[in-house]
Amino acid sequence: MLALARLYLATVQTGYIHPDEFHQSVQVMARDLLNIDAKKPWEFHPENPIRSVTFSAVVSLPYVFIKYVAPFFTYYLGYELQSPYNLLVAPRILMTFLSFIADYSVYRIARMCFLRPWCCVEVFASSYIMLVYATRTFSNTMELILMAVLLWRVCESMVESTKIIRKQNVLQDLYESAETLQDKVKLVRIKSKLPPYNYVDSAIISVVVTYGAFVRPTFVIFSFIPVAFWLQRGVVTKEVDFSYFNLRCLSLLPGIVVTFLTCVLADSFYYGSLTFTELLFWNVTGRSFIVTPVNFLLYNANENNLATHGLHPYYLHLVVNLPLLHGVLGLLGLWSVSKYMASFITNDMTKKPKIFSIATMLLATFILPVLVLSAVPHQEPRFLLPTLLPLVILHSDDVLLISGKRLKAFKHLCFLAWHVWNIFCVIFFGFLHQGGVTKTMMRVHEHILLQPPHTNTHIVFSDMYTPPTFLLMRRINVVAVAEDGRKYRMAKSVFTYDVGGSRAVSDLHEVTSRIYKEALQNSTRDAELVLCLPASLSEELYNSKPENVSLRRLQRVRGHITMEDPPDMVIDAASFTESCGHVCQFLRRLDQFSIDIIGIYFGPRPDRSERVASLEKTFDIDDETFEVIDEAFDMNEEIFSRKEKTKESNHETFIIDEKTFGTVKKTFRVTEETFEMDEDIFDTDDETFDTNDQTSGTNDQTSGTNDQTSGTDDQTSGTDDQATDTQDQATDTQDQTSDTQDLTSSARDQTSNTDDKSYADIDNFDLKDDYFDPFEDEFELSDEPLIPNTKTYAIRLPKPPKVAAHTREEL
């Protein structure tokens, strides 16, 4: 049940424990594997990287699957596999399956130590570390898994070695006491059949320790005690010769060297300091190879660097972080260490605890890393995750209620404290702590998809953990293909800004204003500005906004607790009304545990009269003329909508051969010549003259002079040819829907809709299947003749890609 609960929690958790969960693993690989625009953290800077890519590559293996399988899911199942939710959950599921290795290791160690194995596994799996941390892509989680494997193999080697060494000593004593040669030969044969134990697991131990050092160099501290106990088996007690200690050390070298070189070459190739050609011809120097653990140690040795991440007192691990991680189990571990040290100092030599036992090894594996890491001024609870396993082996019986025994009240208290604490931490760290960040990224992703083209979206994040921008799924290089096969690169349209939380809320208006001005200066596209911040700060943001700024809350993402800016839950000073009393005010404050997605707009949106007045050339017109202009705009919008419908429904696609294409080109030249007749046709259009006469008459009433007023009307209606084009398009739409068509209307039909299609007379040949070749260029041919009882069809020629949008004023 706990295993199923862990798998389920991996898919539904929304909590955000620490930015390293994303920025040291999946965000890096999302950019490299999926071509997603995600900023790499400073730890992966090619000049001096301190993180190995080997860990990020392992936890991001699901992205390789998504990259190559997603097209098949889309084509055959209609399901978009590459979505923000799948990018978030897939690596977590992988880490959850890897965490089961730690559970199995606990089971094997418990059996070797003659403990209740399933009780140990139950305590281990019920810890919120395994339910929350073990399902996340932390390097500390991988450190915990590797530590479990190391302890399992070391404990098994110690148990098996002790058995074999004792058998060897017994056989040696029998050999020395044997009187006949036949008995000695028999004893030698028995001794030769004993299984080897000196170099067993040396390959596994060396690989685990070396790879763990590249995942986190602090793994060397955690692995020091187990490796030391593995090397000394029987040597300190003088059961075997000291030469075996040296031989065991040498047996670790092959695995260390191979793993070390593999990780160094992987990092060197990834960061670009080494190429395959340079390695092949050995054209390398010392700077060609990158050893990230060394860079890590050099960086953390500088206290000024640690100060940028926060300095803590030396007692923080012992007093705060251990109880925070392990609850009552951490307190029991500290109590056991104090008792062990007291008995070791005060008792006689015969009553002192055994130094080289598994219990002593586990106790030292727990306390020594805590003491060493306490000497580092930067301390975080997740740094102590590997200490969970030795604590569970030592004190699992103390936090479980086992039937058949008379239980003390203290054990009931420990049982209750263990489970209550873990349930609380699963809810808090798994769902509420910074729980709105990942949900906000998905909501913003959906918001971006709904934006019109040729609009740049600028997203500002404030007073929250560093957002995992890879969940926005914006491509780095987007290459589009036009209908004629030409390729062109799309410009970047989404920009993110993380302003942190050190500034005042009122300063956000200045920041957003500067971003908006730069956006308009650097691009001809429209700019949209979106601000994401905790709801507890929204009221202050609204109260401090300038007069020329308008704010509109787009969405509220609930379930977000930030310890830096918590809501004020004191309601004594609130203004109560009859409709909203204490309960209402409390619910309002409770609703502030959210993130608000706010749209910021600079200046009021101009109405239609203001947009007309903002043309390059403006004229004073009366109300009647303005109504004519207004109707022209409405008619123009209707024409555009009809043309879009015509594109979708009026034509089907056919395939024609080269001969047919030649005929089409000839007729298309004829069509181009007909465009030169536009002005004559438009001049003969009675309805156009009627519209112009009506506009001219209206202008005569306002100005008094027919010629000047007519010119003013022409310029105001659409600035010269723009107004005439609008009226002609309206006339064409009316003529196409009328019942009477003469030669003039036919010519007008042939010259209409010039931006999308051209008409060609193909009366000289039959449209038979022989003319159509599926391997030739693709054109669109109308299903029915353009003119009834003729062979005149509409053929849509390929169009170049649209590279820019124009506003109504520009058109």
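What you are looking at is a predicted structure, and each value in this text was computed from that prediction instead of being measured.

Observations regarding the overall build of the chain
Secondary structure summary: the chain contains 32 helices and 11 strands in total. Looking at the chain residue by residue over its 811 residues, the buried ones come to 44%. Contacts in the chain between residues at least 24 apart in sequence constitute 76% of all its contacts with a sequence separation of at least 6. Looking at the chain as shown, the accessible area adds up to about 43,800 Å², and 57% of this sits on carbon and sulfur atoms.

So, unusual backbone geometry
Unlike most non-glycine residues, F114 shows phi in positive territory, near 60 degrees. Looking at the secondary structure, you find F114 in the loop between α5 (84-112) and α6 (117-126). Phi angles above zero are rare outside glycine, and K238 is one such case at about 60 degrees. For K238, the position within the fold is in the loop between α11 (219-231) and α12 (243-271). By relative accessible area, K238 is classed as exposed at 73%.

Some remarks on helix α16 (residues 316-326)
All buried positions along α16 are accounted for by L316, H317, N321, L322, L325 and H326. Within α16, the buried residues cover an arc of 135 degrees as seen down the axis, which keeps them to one side. At its buried positions, α16 is contacted by α7 (128-131), α17 (328-346), α18 (358-374), α19 (388-395) and α20 (409-432). Residue G327 follows α16 closely and has a positive phi angle near 60 degrees.

Quick word on the pattern of salt bridges
The full count for this structure, using the stated rule, is 16 salt bridges. In this structure, R31 and D37 form a salt bridge, with 3.6 Å as the shortest nitrogen-oxygen distance. One salt bridge connects D591 with R558, and the closest N-O pair in it is separated by 2.5 Å. One end of the pair, D591, is in the loop between α24 (582-590) and β7 (594-602); the other, R558, is in strand β6 (residues 549-558), and 33 residues separate them in sequence.

Some words on the environment of I129
Secondary-structure assignment places I129 in helix α7. Exposure remark for I129: the relative accessible area of 0% places this residue in the buried category. For the pair I129 and H326, spaced 197 residues apart in the sequence, the C-alpha separation amounts to 8.1 Å. For I129, the contacting residues outside a window of four places in its chain are A134, L144, L325, H326, L385 and L388.

Remarks on a nonpolar patch on the surface
A cluster of nonpolar side chains, Y199, L247, L250, L253, I256, V257, F260 and L261, forms an exposed patch at the surface whose accessible area comes to about 680 Å². Tracing the chain through its elements places I256 in helix α12.

Quick notes on the packing of aromatic side chains
By the definition in use, this model includes 21 aromatic pairs. Plain terms: the ring middles of W42 and Y299 are 4.8 Å apart, the flat faces sit at 35 degrees to each other, and that makes the pair tilted. Highlighted residues: W42 in the loop between α2 (20-34) and α3 (53-59) and Y299 in helix α14 (residues 292-300), separated in sequence by 257 residues. Judged by relative accessible area, Y299 falls into the buried class, the value being 18%. Note on Y516 and F602: the rings are 4.6 Å apart at their centroids and 25 degrees apart in plane angle, and the pair reads as stacked. Of this pair, Y516 sits in helix α22 (residues 507-522) while F602 sits in strand β7, and the two are 86 residues apart along the sequence. Through pairs of rings, three or more aromatic residues link up here, namely Y128, Y133, F138, W421, F424, F428 and F429. If you follow R153 out to its NZ or CZ, it ends over the ring of W152, 4.8 Å from the centre.

Quick word on the confidence of the model for the chain
Per-residue confidence for the chain gives a mean pLDDT of 79, with 72% of residues at or over 70. Under a pLDDT of 50 for its full length, residues 646-655 has, in the predicted model, 34 contacts with residues more than four places off or in other chains.

With respect to the packing of α5 against α6
At a closest axis distance of 8 Å, the pairing of α5 and α6 adopts a crossing angle of 145 degrees. Note that α5 runs across α6; the crossing there is right-handed. Only P117, W118, C120, V121, F124 and A125 of α6 make contact with α5, whose side of the interface consists of A102, D103, V106, Y107, A110 and R111. Among the residues forming the contact of α5 with α6, the class breakdown is 10 nonpolar, no polar and 2 charged.

Remarks on the environment of M442
Relative to the helices and strands, M442 resides in helix α21 (residues 436-449). Counting along the chain gives 29 residues from M442 to L471, while the straight-line C-alpha distance between them is 6.6 Å. What M442 contacts, discounting residues up to four positions off in sequence, is P84, Y85 and L88.

Regarding the packing of α16 against α17
At a minimum axis distance of 6 Å, the contact between α16 and α17 shows a crossing angle of 130 degrees. With respect to α17, the axis of α16 lies oblique. Within the contact between the two elements, α16 uses L318, L322, P323 and H326 and α17 uses V328, L329, G330, L331 and L334. Its residues placed into classes, the contact of α16 with α17 shows 7 nonpolar, 2 polar and no charged.

Structural notes on the pairing of strand β5 (residues 526-534)
The buried fraction of β5 is high, at 8 of 9 residues. Summarising the sheet, strand β1 (residues 455-461) and β5 pair through 7 bridges and their orientation is parallel. Note on β5: the bridge partner recorded for I459 is V530. Note that β5 and β7 share 6 bridges and pair antiparallel. By the bridge assignment, L529 is partnered in β7 with I600.

A look at the sheet that holds strand β4 (residues 494-498)
The 5 strands lie next to each other as β4-β1-β5-β7-β6, forming an open sheet whose pairing is mixed. What marks the edges here is a single partner per strand, and that holds for β4 and β6. The sheet shows a mean angle of 20 degrees between the axes of neighbouring strands, direction not considered. Summarising the sheet, β1 and β4 pair through 5 bridges and their orientation is parallel. Looking at the pairing, F461 lines up with D498 of β4. Docked against the sheet, α21 engages β1, β4, β5, β6 and β7, running at close to 120 degrees with respect to β6. Those strands touched by α22 are β1, β4, β5, β6 and β7, and its axis lies near 155 degrees from that of β5.

What counts, and where the lines are drawn
- Position labels on residues start from 1 in each chain and follow its written sequence.
- Only residues with pLDDT of 70 or above have their local features reported here, since the model is predicted, and side-chain atom pairs are shown and tallied only from 80 upward, although totals for entire chains, interfaces and linings are computed over all residues.
- Hydrogens and water are ignored here; the side-chain numbers use all heavy atoms of the structure.
- The secondary structure listing takes helices from DSSP runs of H or I that are at least 4 residues long and strands from runs of E that are at least 2 residues long, numbered from the N terminus.
- The classification of residues rests on relative accessible area computed with a 1.4 Å probe and restricted to protein chains. Under 20% of the type maximum is buried, over 50% is exposed, and intermediate values are partly exposed.
- Should any heavy atoms of two residues lie within 4.5 Å, those residues are counted as being in contact.
- Every accessible area reported is derived by Shrake-Rupley at a probe size of 1.4 Å, with residue values counting cover from the shown protein chains alone.
- Note that the arc is computed from the directions linking the helix axis to the C-beta atoms.
- Throughout this description, the term salt bridge denotes a Lys or Arg side-chain nitrogen within 4 Å of a carboxyl oxygen of Asp or Glu.
- Put simply, a patch holds well-exposed residues, over 30% relative accessible area, that have no salt bridge, with like charges counted together within 9 Å and Val, Leu, Ile, Met, Phe, Trp or Tyr side chains within 5 Å.
- Whether two aromatic rings pair depends on their centres lying within 6.5 Å, for rings of Phe, Tyr and Trp, where Trp uses its six-membered ring; planes under 30 degrees apart make the pair stacked, over 60 edge-to-face, and the rest tilted.
- Our definition puts a charge over a ring when NZ of Lys or CZ of Arg is within 6 Å of the ring centre and also within 35 degrees of the ring normal.
- Per-residue confidence from the predictor is reported as pLDDT, which spans 0 to 100.
- Only the stretch in contact is used when fitting a helix axis, every axis being a line fitted to C-alpha atoms; angles between N-to-C directions are given from 0 to 180 degrees.
- Handedness of a crossing follows from how the near helix is turned relative to the far one, being left-handed for an anticlockwise turn of less than a right angle and right-handed for a clockwise one.
- All amino acids are sorted into three groups, where Ala, Val, Leu, Ile, Met, Phe, Trp, Tyr, Cys and Pro are nonpolar, Asp, Glu, Lys and Arg are charged, and the leftover types, Gly among them, are polar.
- Should an angle fall under 35 degrees it is taken as roughly parallel, and over 145 as roughly antiparallel, whereas 65 to 115 is taken as roughly perpendicular and any remaining angle as oblique.
- Paired strands are those between which DSSP finds at least two bridges.

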